[in-house]
Amino acid sequence: MASDDVANLADSLAKTQVNEGELSYKGQGLKLDNAQSVEEMVKEIEQFDGLRALRLEGNTIGLEAAQTIAKALEKKSDLQCCHWSDMFTGRLRAEIPPALVSLGDALIMAGARLKVLDLSDNAFGPDGVKGIEKLLKSAACHSLQELRLNNCGMGIGGGKILAAALTVCHKESSALGAPLQLKVFIAGRNRLENDGATALAQAFQLIGSLEEVHMPQNGINYPGVTALATAMQHNPQLRVLNLNDNTFTKKGAIAMAEALKHLRNVQVINFGDCLVRSEGASAIAETLKEGLPILKELNLSFGEITEEAALEVARSVQHKDQLEKLDLNGNSLGEEGCDNLREFSTPPSAPRTPDVSSFLSFPSPDKLLRLGERRSSLIQQQVDVLDVTKTAEAFLKISSVYKEDDEEVKSAVLESIDAVLSKAFFTPTFQGMSFISSLLVMLGLLKSEDKLKPVKVVPGHLQCLEHAVKQSYFPREHITVLNAFMTRQNKSLEVCSSARDRLKFSLQKLTPES
């Protein structure tokens, strides 16, 4: 790569958004009524090579404008993420379904393979679900991993249409040898009630790949809860289950407790305001005694649970080393019951063995060493390398505890860094340049329009980066980009001048001559 090209790339990165392949109009409050109002947007979409994500949330888009945008998307085969929440504010209900049909048809025509579809906060009702029915059944959604339809007013009818579409998607994708692997489903505040929830439960049971299910505030009673409980048993990778503010009662809570016995990966359970009652809480406590080994959060608040049942729950989680939060607020405990519950708090003199989450949240050399000999593989498993921001954050958290003069800590840090970055760069879908961009933002070398904020740079950050760029897994083209930024004057690195100079020297040595 010629030096001029590198400089141009560095300048381009410094001026544009961080996320690679993303075009964002998020939160701009645009009122887009007709073709003329979206001329500039259409031009940018058409000229954006490799468009992977389009953010339209926080604007209001009319039918003609949507149809014009759709025309521009017909050739965008790389599109994977449609962040289209809250984009029909103030529009007539009749406008929304045909707008959705136009956008969906464009994605199908383009041959796109979606990973994320977010249409939350659009209040389009059952007719809106009909507007995306064809898209959900098509090959464009065979690859779908996240479906977000929070607060859309789908109702029972919309829930049934959605369930049927997901079922068709799974069956047709399975027939082609690559079944739908939906991981995240969010549909809170949709008035699904029992019939809508039951229809979706049947689809979930068939899909079997769910990791997060969020369906709060849907007016679901025990028949729907029981159907969902049965479905969850068929999703062994489930990590998060949020059914807040539905009505379990004793029957639903017992059914859910039985289902949870079959799940080993659940980390977060939110059954708050679900009226699980004492019998249901006791059943859940029984499950907790032997099951749910990696549970981190349990919310049973406002469930009409009495003191005795609450104490059963508290006793059942005493051996949960990873538990961070138990919420029993708003139950029928009384002052004495609250005092008795406090006795089950972990005493300060008996600190828990730190887990990877604890280390990454509040890193320290001691916590890293106490993770044991398998620390690098445990950290590697914990970090989601498909999320470049989280990968960059993990790199900085780990490297922050680096000690040049402590051989044990130094070795542990570098092994962990190698484990995470090698996994990332050897993953075919890893967006390497986005990772570098995020890293540069966090080190204060690049401005960002996103939520990313610079960290306080310490020598370990630069020392570990110097180590990483010398490894075979680190792409040479990224070294060239890093070198272009490091040669610029930057105040954020002045406190680590020695480590900075060593990194600059190594990058210049590794950068091929133009």
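Residues numbered from 1 in each chain as written. Predicted model: local features only at pLDDT ≥ 70, side-chain atom pairs only at ≥ 80, totals over all residues. Heavy atoms only, no water.

Within an unreviewed UniProt entry, the label attached to the chain reads Ran GTPase-activating protein 1, and the organism entered is Anabarilius grahami. Its UniProt record gives the chain a comment under Subcellular location (unreviewed entry), which states: "Nucleus". (UniProt positions renumbered as here; feature names shortened; annotations may be inferred.)

Here we look at the overall build of the chain
Scanning the chain from terminus to terminus reveals 21 helices and 13 strands. For the chain, the C-alpha radius of gyration of 25 Å lies close to 24 Å, the compact-globule estimate for 514 residues. Burial status across the chain gives 52% buried among its 514 residues. Sequence-distant contacts in the chain: of pairs separated by 6 or more residues, those separated by 24 or more amount to 82%. Total accessible area on the chain is roughly 23,100 Å²; 48% of this is exposed by carbon and sulfur atoms. Taking the average location of the 56 positive side-chain charges in the chain and that of its 66 negative ones, the two points are 2 Å from each other. (Helix = DSSP H or I, 4+ residues; strand = E, 2+ residues; numbered from the N terminus. Rg over C-alpha atoms; globule rule 2.2 N^0.38 Å. Buried < 20%, exposed > 50% of the residue type's maximum accessible area, 1.4 Å probe, protein only. Contact = heavy atoms within 4.5 Å. Areas by Shrake-Rupley, 256 points an atom, 1.4 Å probe, with all protein chains shown as cover. Lys, Arg positive; Asp, Glu negative; His and termini not counted. Charge placed at Lys NZ, Arg CZ, Asp CG, Glu CD.)

Examining the sheet that holds strand β13 (residues 325–327)
Spatial strand order, β1-β3-β5-β6-β7-β8-β9-β10-β11-β12-β13: 11 strands in an open sheet with parallel pairing. Every other strand in the sheet has two partners, leaving β1 (22–24) and β13 as the edge strands with one partner each. Here the average twist between neighbouring strands, direction ignored, is 5 degrees. Sheet analysis places strand β5 (residues 81–83) next to strand β6 (residues 116–118), joined by three bridges and oriented parallel. Following the sheet pairing, cysteine 82 is matched in β6 by leucine 117. (Pairing = 2+ DSSP bridges. Axes fitted to C-alpha atoms, helices over the stretch in contact; angles between N-to-C directions.)

A look at the side chain of serine 138
Mapped onto the elements, serine 138 comes out in the loop between α5 (125–137) and β7 (146–148). Engagement of the side chain of serine 138 in a polar contact is seen with the backbone oxygen of leucine 135, the distance being 2.7 Å. Those residues in contact with serine 138 that sit more than four places away from it in its chain are Ile108 and Cys169. (Polar contact = N/O pair within 3.5 Å; in protein donor to acceptor, adjacent residues only side chain to side chain.)

With respect to the confidence of the model for the chain
Regions with low pLDDT should not have their predicted coordinates read in detail. Confidence in the prediction of the chain, expressed as mean pLDDT, is 89, and 92% of residues score 70 or more. Mean pLDDT in the chain bottoms out at helix α1 (residues 3–15), which sits at 47, and peaks at helix α7 (residues 193–207), which reaches 98. Low confidence marks residues 5–9, where pLDDT is under 50. Its contacts with residues over four positions away, or in another chain, come to six contacts. For the stretch residues 346–353, pLDDT sits under 50, and the model shows six contacts to residues farther than four places along the chain or on other chains. (pLDDT = per-residue confidence, 0-100.)

Considerations on the domain arrangement of the chain
On domain assignment, one finds that the chain holds domain 1 (19–344) and domain 2 (356–510). Taking only C-alpha atoms, the centre of domain 1 and the centre of domain 2 are 33 Å apart. (Domains from an automatic or database assignment.)

Digging into the environment of isoleucine 207
Mapping isoleucine 207 onto the fold places it in helix α7. By relative accessible area, isoleucine 207 is classed as buried at 7%. Separated by 38 residues in sequence, isoleucine 207 and cysteine 169 place their C-alpha atoms 9.6 Å apart. When neighbours within four sequence positions are excluded, isoleucine 207 is seen to be in contact with Leu166, His170, Leu180 and Leu182.

Focus on the packing of helix α2 (residues 39–47) against helix α3 (residues 63–73)
Interaxial distance between α2 and α3 falls to 9 Å at its minimum, and their mutual angle equals 15 degrees. Here α2 lies roughly parallel to α3, going by the angle between them. The interaxial crossing formed by α2 with α3 has right-handed handedness. Seen from α2, the contacting residues are Met41, Val42, Ile45 and Glu46; seen from α3, they are Thr68, Ile69, Ala72 and Leu73. Of the residues contributing to the contact of α2 with α3, the split by class is six nonpolar, one polar and one charged. (Parallel < 35°, antiparallel > 145°, perpendicular 65-115°, else oblique. Left-handed = near helix turned anticlockwise from the far one by under 90°. Nonpolar A, V, L, I, M, F, W, Y, C, P; charged D, E, K, R; others polar.)

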